[in-house]
Structures are given as structure tokens and as C-alpha cells.
Amino acid sequence: MTDATDITDTHCPYCALQCGMRLAPKEGAAGGSVVGVEVRERTEFPVNQGALCGKGRTAPEVLSSAVRLTEPLVRDEATGELVPASWESALDRVAAGLAGVRARHGADAVGVFGGGGLTNEKAYALGKFTRLVLGSSQIDYNGRFCMSSAAAAGTRAFGVDRGLPFPLADVPRTGCVLLVGSNLAETMPPALRYFTELRENGGTLIVVDPRRTRTAEQADLHLAPRPGTDLALALGLLHLVVAEGRVDEAFVAERTSGWPAARAAAMAHWPEWVERITGVSVPQLRAAVEMFCAPEAAMVLTARGPEQQAKGTDTVGAWINLCLATGRAGRPFSGYGCLTGQGNGQGGREHGQKADQLPGYRMLADPAAREHVAGVWGVAPESLPGPGRSAYELLDALGRDTEDGVRALMLLASNPVVSAPRAAHVEERMRALDFLVVCDVVLSESARLADVVLPVTQWAEETGTLTNLEGRVLLRRRAVDPPPGCRSDLEVLHALAARLGWEKGFPSDPAEVFDELRRASAGGKADYSGITYARIEAEDGVFWPCPEEEGGPPHPGTPRLFLDRFATEDGRARFAPVSHRPSAEEPDEEYPVLLTTGRVLAQYQSGAQTRRVAELNAAAPGPFVQLHPRLAGRLGAAEGDALAVVSRRGRAVAPARISTDIRPDTVFMPFHWPGEGRANSLTNPALDPTSRMPEFKVCAVRVELAGGS
Ligand SMILES: Nc1nc2c(c(=O)[nH]1)N[C@H]1C(S)=C(S)[C@@H](COP(=O)(O)OP(=O)(O)OC[C@H]3O[C@@H](n4cnc5c(=O)[nH]c(N)nc54)[C@H](O)[C@@H]3O)O[C@H]1N2
Ligand SMILES: Nc1nc2c(c(=O)[nH]1)N[C@H]1C(S)=C(S)[C@@H](COP(=O)(O)OP(=O)(O)OC[C@H]3O[C@@H](n4cnc5c(=O)[nH]c(N)nc54)[C@H](O)[C@@H]3O)O[C@H]1N2
Ligand code: SF4
Ligand SMILES: [Mo]
């Protein structure tokens, strides 16, 4: 990396809050940092107002050549080792690898797996590359593991899916927030200020989480259901809303459809039954209903807790039903929102790397959508492949010796060896591939399995747009030069396209790609056509939809959705007639304990980036098993003892962390580490029938002393 010469305003590489930050040249080496750039506050950026968490503050350390890839690597056929190679020979090998598999097994034998951390430009180019250059339908991405259940439920209810339908700044102005399965004090720390401000304004916060987290500690009311029972909980609350006469009948009549069926379903779920299923007492249910219904406005926000379930779509639907029945949607300072996860978790799903989608949140199966996008791409609509497999199904099909097996994979911006459910199986499938190419900034656990590893540039070294959890499109600007051996993902796609016969159509300049993305998204649900880099910079981001207006003043963007009408055909929000069902795997004699998984403050995702930062490793050095003293007592386990957690998929070993902050019937493991303590060795790949989300948040396990401790 060469030193930054200017002060540049940009954004954090990590989560969906996309905190604004200022990068400046670092003066002298006295600070001991390994790179010549330092992070400064950017107080005028509205979302985080200068605040950053430790991950964002230390992000420049991952720019250092010391921890990253700086030259292509190819697998030496003789020794089996990854060895340095020139860009030209590495790219030739990738083109030959992909084309060879296609020639032998057909276009759908070549798969692509992307990531929600990719910029809009990259996600767009990747989807186009897969469908045109590879001619394959087999593309999906890690966002499927993230907010796909909320996306499916949001689309079903409102006709469009945007994380929050309002800016975060609306949170302190509502009366009550029901926060379901989000530990934002650890996963988006600067956002906590909005909830603190809410309470200072006299509003209330209800947190639903099986664990008493740092977020739950801030709540006026903490409900701690058994993992996997949020659907029953939401139905129980709706039952009480009806029984207590708190339905907003006028709102239901004017702005919704489907209430009778949803009402009937809720009435079949008695509070006493809900108490038995969830472990949340009837008085607590009543208290929650009172708190939620008393003020004039209220919000329900969900995150991965209720979403990463094999019934995540229905579960989110049930929470949306609660908003609709009480008139808490489509009105100022009221509504349902999903806290998205990755830096571009929102935009990453709008521009075509999802198996069933085309740019602008268009559906691949919709003839009009195909025609529009094919027009922008200059191809015949019939030449576009149809929808492909979802993320886990794609990973599960890798290396399969069948008609429809996927024999070659191009992997960008994800590390499934650590982060995919039933990870040992996924790792085995990846090893069985004929050809694997990985583009990454570091040698991740997944990159280690590749035939070719291409070292790419990252956040501060390149320009691109991202869409944060509010639907605000942001410009992350280049602040420093990349190491000479690295190329951007767009340059990689450009070079590969050229080798595979597409000299045109894959520019490596992000501004040029964005211009095409605008046209491709025009008229779609996520319409970006009125957004330009210049506008984003001038306005601290622009909220989609923002169509380009012919003549007249430019469209202002849409910070708040649904105030006049919902985005369904008839303008009404749709209730979902949902009923409770058990988790895919319930505890039994052999596997009597529930496992849930999630995050800790100092590590990010598979840890590929944050495990390379000393300060973060000191704060969160490794995996652990959080368990209640009562369960620990039964096992004879003391703090720090090595525990073996065993599920039908596999076994993981990590030290005990004993705490009354978790239910006695549940253990929690963070998923940031590979190896022996890998939580995903245990998780259940049971999929939600609609969103195809795996059940990361609940499976049955046995816990025992690992011995030798
Ligand atoms: N520090 C840090 N921050 C991150 C990330 C990271 O890896 N590290 N990743 C980013 C990304 S991509 C995402 S998606 C977000 C995720 O952000 P969050 O959703 O806040 O994170 P999780 O820890 O996965 O899950 C939240 C909570 O759900 C609870 N939970 C578990 N099972 C259930 C259940 O059945 N029902 C309910 N209601 N709750 C349950 C867990 O106890 C946990 O406290 O964070 C983003 N920010
Ligand atoms: N058990 C359990 N498992 C989970 C979850 C859970 O709650 N529990 N959560 C799931 C969720 S919500 C998510 S989002 C996934 C996330 O898990 P992953 O998909 O593995 O995400 P990351 O670890 O962020 O991987 C991103 C990779 O891309 C690289 N990278 C960074 N920037 C770029 C770039 O610009 N280009 C390219 N080519 N590469 C880049 C990074 O170095 C890293 O190796 O994990 C899922 N897995
Ligand atoms: S909260 Fe998210 S965006 Fe903000 S500094 Fe931390 S990781 Fe980066
Ligand atoms: Mo995520």
C-alpha cells in the first residue's frame, strides 16, 4: 500500500450500518500501525455521527501487505501446493478451467457464489457475467444466509423489500420498539444511540432474545423465548391484541387485505399454549402488548434471531401481522423493518447475484423483466438462463457426479468453509470440485482449497456504491493505492470476460458500471436511475427508489416508504395466514439441548478479516460455549473447561463460558472461527421453503466434557 496523500471521506468495510469515516495519511510510525493511513471521525455523516466500533477503527490494518494476498496463487500439479503465478497465467488458467467444465458438462456445471459485502457495481457485474459469459443459471450468494427470510416476508406483505422503510433517525421519534433477535449493541454499536435516545424521549424498548445480551440489558422488557419459537410468540401477542380489543379496525379495513384468515390463525394460538411453547409467561406477553400498543406509534425490527430459521419467512410474517393489526405500518414513525447485515446486504440483493433476480430487484422469471434487462445488455431475452439454486443447495451440489452437479465454482467475498451450515459437508463438496477459483483479499479457509486464488483490492483501495440498512445508497471512495499485485474484482471480471469471448460489456471502471446499473434498474422496484455519484456525495446518500425524471426537478429519493400506499398491486399490505410449527430438529433424549449461534462484538463473520487484527483477537481470542450454571452443574463443567458439542452433523470443542444470561435449555456459540471450535460443524441446513434460509439459529445437540481438561 502506498501512503494516502489526501484526506478522504469514505465508509467502513464491514457491516450494514456503513459508518462514515475519514481516512487520512498517518504521520510518522510512532503509532505503531502497520499502514500509512489512519481513521478519523467524520462527525457530519448522519448515520453514525463519527462513532465507530473497534472493527471499523482497526480496519486499515487489513490493508497491510503483511496479512493479505498480493500475488495470484495457482495449485502446482506436481506438489499440490499453492504457488505464486503471474496474473496472465493465473487468468488463463481460470478461463481454461471454467471453459473446460462448461465444454464437458454444460453451462450449468459452472457455478458462482458471491457476497453481500460486494459493492453494487460488483454484484451487478457478477450477475451479468454469470448469465452472459458463463451462460449459467447457477449463481447465488451469502446474503441468502442473512436476511432472505425478511426479504421474502417483506415482499409478500408490502410488495417490496427494503431493510428499513425509514431512516434510523426515526427510531427515537416512535413510542416503542420491539426488537426481535438483534444484538445490535454488539453487531452495530453506533446504532445503539438511537435506541438510547428513544428511551430518553420517553419511548420504550422490548428485546426478544433467548439470551440476556448487551442489547437486552438496555430494554424496558426482555422476553427470552426458547430458540425457534418466535412464530408462536408473535401469534400469542396478536391473539392478545385481538382479545383485548386493540385492533386498529379502520387501518385494517382501509390499508390491508387478508385479515380474517390471519386473525383466525392467531386466535387458534392461546396465550397459555404460547407460554408452554416459548417459555415466555402470559403476564410477560400481556406486558409486551401493553407496551407496544399504548403509544401512538411503534415499530417492530427483526434481525437474524427470528429470520435464520427454517420457518423464518412465516416468522417474520407473523411479526408483520402484529404491525398491521395494530396500524403500526405505513404511517410516520411506525412500521416493520429488518436490520440487514453485511456492508451491502441490501444492495447486494438488488442487482442480480441472487439466484432468481435481475438488476433493480426484478425477477428472473418475469418476461417483462427479462426483456428490459436483456435490452440493456444487448442480448435476446431467450438467451438469459432461468433461476438457479439457492446458496446451500448450490454448495451441496458442488462436485457431484450427476447430470446436474456443479463441477466448477467461482467464489467471491464469502468464506463458506467457516460460515455455511453443515460446514464439514460443504468443505467436502468444495474439495470434490473439478475447478475452484477464489477472489479474496486474504488467504481465507475457503481460498486454501482453490486451484487458483486471485488477490483483489478492497474498500479503501477502490470506489463503489453500497446500500445501507436504511436503503440509503452511499459512495465508498478510494482513499489509498492498492498493493501493486492486486486487481479489483471488476478488473478480474473484465479480463475473464475478454478471454471467454466478451471483449465488450464488462468495463472495469466502477463509474461506467454504475451508469449501466442505473439503466438496468430503471423502472424496477429498486430504481437507481436518478442516483449519481455526485448526488450521493452532495446529499450524504440517496434513498431508493429514485427514478430519473425527464425534465423538471430531480426525484428527491425515498427516505420513507409506504406512507401513502404499500407497493403491492392494490396498494394494500397483505396479512400472512401463518401458524406455528416446530423447528426442523427438536431436542430428544440423544440430543437434549438447543444450540443457537451468532456473533460477538470484536469479530466479523467468518473472521477472515478481523482474525488478522491483533487488537480484535485480544478482545475475542476464540470460540466458546455459553451455558447456564444449571446445565454446567449437570455436566460437572467449570468455567473454561473444554466442552464437546455434538449434533447429527458433527462435533465442535470450545471452552465453557458459564453465565445466567442464557436459558438453561440452550447453549450459544459464535461462528467466527474455523477448526475444532467451528460452530457450523454442528448447524442444521434445513431450509425455509420460501426463502431457502438455513436454520442457523436452532438445532439439537448433546453437550459433554471433552476430557483431558
Ligand atoms: N460484531 C459483529 N457485527 C456484525 C457482524 C459480525 O459478524 N460481527 N455481522 C454483520 C451481519 S452480516 C449481520 S447479518 C448482523 C447480524 O446481527 P444480529 O442479528 O444482531 O446478530 P446475531 O448474533 O447473529 O443474532 C442476534 C441475536 O439473536 C439471538 N437469537 C438466537 N436464536 C434466536 C431465536 O430463536 N429467536 C430470537 N428472537 N433471537 C434469537 C442471539 O442470541 C443473538 O443475540 O451483524 C452485522 N454486524
Ligand atoms: N452458525 C452461523 N453461521 C452463519 C451465521 C450465523 O448467524 N450463525 N450468519 C450468516 C450470515 S448472516 C452471513 S452474512 C454469513 C457471512 O459469512 P461469509 O459469507 O463467510 O462472510 P465473510 O466472513 O464476511 O467473508 C467475506 C470474504 O470476502 C473477502 N472480501 C472482503 N472484501 C472483498 C472484496 O471486495 N472482494 C472479494 N472478492 N472478497 C472480499 C473477505 O476477506 C472474506 O474472506 O455467515 C452466515 N453464517
Ligand atoms: S458498526 Fe459496522 S459499519 Fe460501523 S464501524 Fe462497526 S463494523 Fe463498521
Ligand atoms: Mo449477515
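Here the structure is a predicted model, which is why all the values come from computation and not from measurement.

Enquirer: Where do I start with the site of ligand 3 in this structure?
Expert: In the vicinity of ligand 3, the contacting residues are Cys-12, Tyr-14, Cys-15, Gln-18, Cys-19, Leu-52, Cys-53, Lys-55, Gly-56, Pro-189 and Pro-190. Grouping the constituent residues of the shell around ligand 3 by class yields 8 nonpolar, 2 polar and 1 charged.

Enquirer: I tried to follow the sheet that holds strand β3 (residues 37-40) on my own but got confused; where do I start?
Expert: Hydrogen bonds along the backbone pair up the strands of a sheet, which may run parallel or antiparallel. Spatially, the 3 strands line up as an open sheet ordered β1-β2-β3, and their pairing is antiparallel. On the outer flanks of this sheet lie β1 (8-11) and β3, each paired with one strand and no other. Neighbour to neighbour, the strand axes of the sheet diverge by 40° on average, direction disregarded. Where strand β2 (residues 20-25) meets β3, 4 bridges bridge the pair, whose relative direction is antiparallel. Paired with Leu-23 across the two strands is Val-39, which belongs to β3.

Enquirer: Even after reading the chapter, I still don't get the environment of Ala-298, so can you show me in this structure?
Expert: By the element assignment, Ala-298 lies in strand β12 (residues 298-302). Given the relative accessible area of 0%, Ala-298 is considered buried. For the pair Ala-298 and Leu-411, spaced 113 residues apart in sequence, the C-alpha to C-alpha distance is 41 Å. Ignoring anything within four residues of it in the chain, the contact list for Ala-298 reads Thr-174, Cys-176, Phe-292, Arg-328, Phe-333, Ser-334 and Gly-335.

Enquirer: I keep staring at the sheet that holds β12 and nothing clicks. Help me out?
Expert: With parallel pairing, 5 strands are arranged side by side in an open sheet as β10-β9-β8-β12-β13. Among the strands making up the open sheet, the edge pair consists of β10 (221-223) and β13 (335-338). Put simply, the sheet's adjacent strands are angled 15° from each other on average, direction ignored. Bridge count for strand β8 (residues 176-180) against β12 is 5 bridges, and the pairing is parallel. Directly across from Val-180, in β12, lies its bridge partner Thr-302. On the sheet, helix α11 (residues 282-293) packs against β8, β9 (204-208), β10 and β12 and is oriented at approximately 130° with respect to β10.

Enquirer: Any chance you could explain the pattern of salt bridges here in plain terms?
Expert: Considering all chains together, one arrives at 45 salt bridges under this definition. The closest approach of N and O atoms between Glu-290 and Arg-246, which form a salt bridge, is 2.6 Å. One end of the pair, Glu-290, is in helix α11; the other, Arg-246, is in the loop between α7 (230-243) and α8 (249-255), with 44 residues separating them in the sequence. On the basis of relative accessible area, Glu-290 is assigned to the partly exposed category, the value being 41%. The shortest N-O distance in the salt bridge between Glu-427 and Arg-431 comes to 2.8 Å. Here the residue Glu-427 and the residue Arg-431 both occupy positions in helix α17 (residues 423-431), the gap between them amounting to 4 residues, near one helical turn.

Enquirer: For this particular structure, what's the right way to read the nonpolar core?
Expert: Among soluble globular proteins, nonpolar side chains are generally buried collectively. Core analysis: the largest hydrophobic core is formed by 173 residues, its most contacted members being Phe-129, Trp-319, Met-410 and Leu-454. Residues in contact with Met-410, not counting those within four places in the same chain, are Leu-98, Gly-111, Val-112, Phe-113, Phe-129, Val-437, Cys-439, Leu-493 and Leu-496. Grouped together as the second largest cluster of nonpolar side chains are 25 residues, Val-417, Val-426, Leu-433 and Phe-696 included.

Enquirer: Mind showing me how you'd approach helix α9 (residues 259-267) here?
Expert: Every α-helix carries 3.6 residues per turn, so stepping three or four residues along brings you back to the same face. Turning to α9, its buried residues are Trp-259, Ala-262, Ala-265 and Ala-266. All buried residues of α9 lie within an arc of 130° about the axis, which places them on one face of the element. Contact partners of the buried residues in α9: α7, α8, β11 (256-257) and α13 (312-325).

Enquirer: Even after reading the chapter, I still don't get the site of ligand 1, so can you show me in this structure?
Expert: Lining the immediate surroundings of ligand 1 are 33 residues, of which Asp-209, Asp-230, Arg-599, Gln-603 and Gln-605 lie closest. A distance of 2.7 Å separates a nitrogen atom of ligand 1 from a polar backbone atom of Gln-603. Surface burial for ligand 1 is 99%, taken as the share of its 900 Å² of free accessible area covered by protein chains. Where the shell around ligand 1 is concerned, the elements lending two or more residues are α5 (184-187), α12 (304-307) and β23 (593-598). Along the lines of polarity and charge, the residues of the shell around ligand 1 split into 10 nonpolar, 15 polar and 8 charged. Split by domain, the shell around ligand 1 shows at least three residues from each of two domains, domain 2 (164-338) and domain 3 (593-705).

About the thresholds
- Residues numbered from 1 in each chain as written.
- Chains lettered and ligands numbered in written order.
- Predicted model: local features only at pLDDT ≥ 70, side-chain atom pairs only at ≥ 80, totals over all residues.
- Heavy atoms only, no water.
- Near = heavy atom within 4 Å.
- Nonpolar A, V, L, I, M, F, W, Y, C, P; charged D, E, K, R; others polar.
- Pairing = 2+ DSSP bridges.
- Helix = DSSP H or I, 4+ residues; strand = E, 2+ residues; numbered from the N terminus.
- Axes fitted to C-alpha atoms, helices over the stretch in contact; angles between N-to-C directions.
- Buried < 20%, exposed > 50% of the residue type's maximum accessible area, 1.4 Å probe, protein only.
- Contact = heavy atoms within 4.5 Å.
- Salt bridge = Lys/Arg side-chain N within 4 Å of Asp/Glu carboxyl O.
- Core = buried A, V, L, I, M, F, W, Y, C linked by side-chain atoms within 4.5 Å.
- Arc of directions from axis to C-beta.
- Polar contact = N/O pair within 3.5 Å; in protein donor to acceptor, adjacent residues only side chain to side chain.
- Areas by Shrake-Rupley, 256 points an atom, 1.4 Å probe, with all protein chains shown as cover.
- Domains from an automatic or database assignment.

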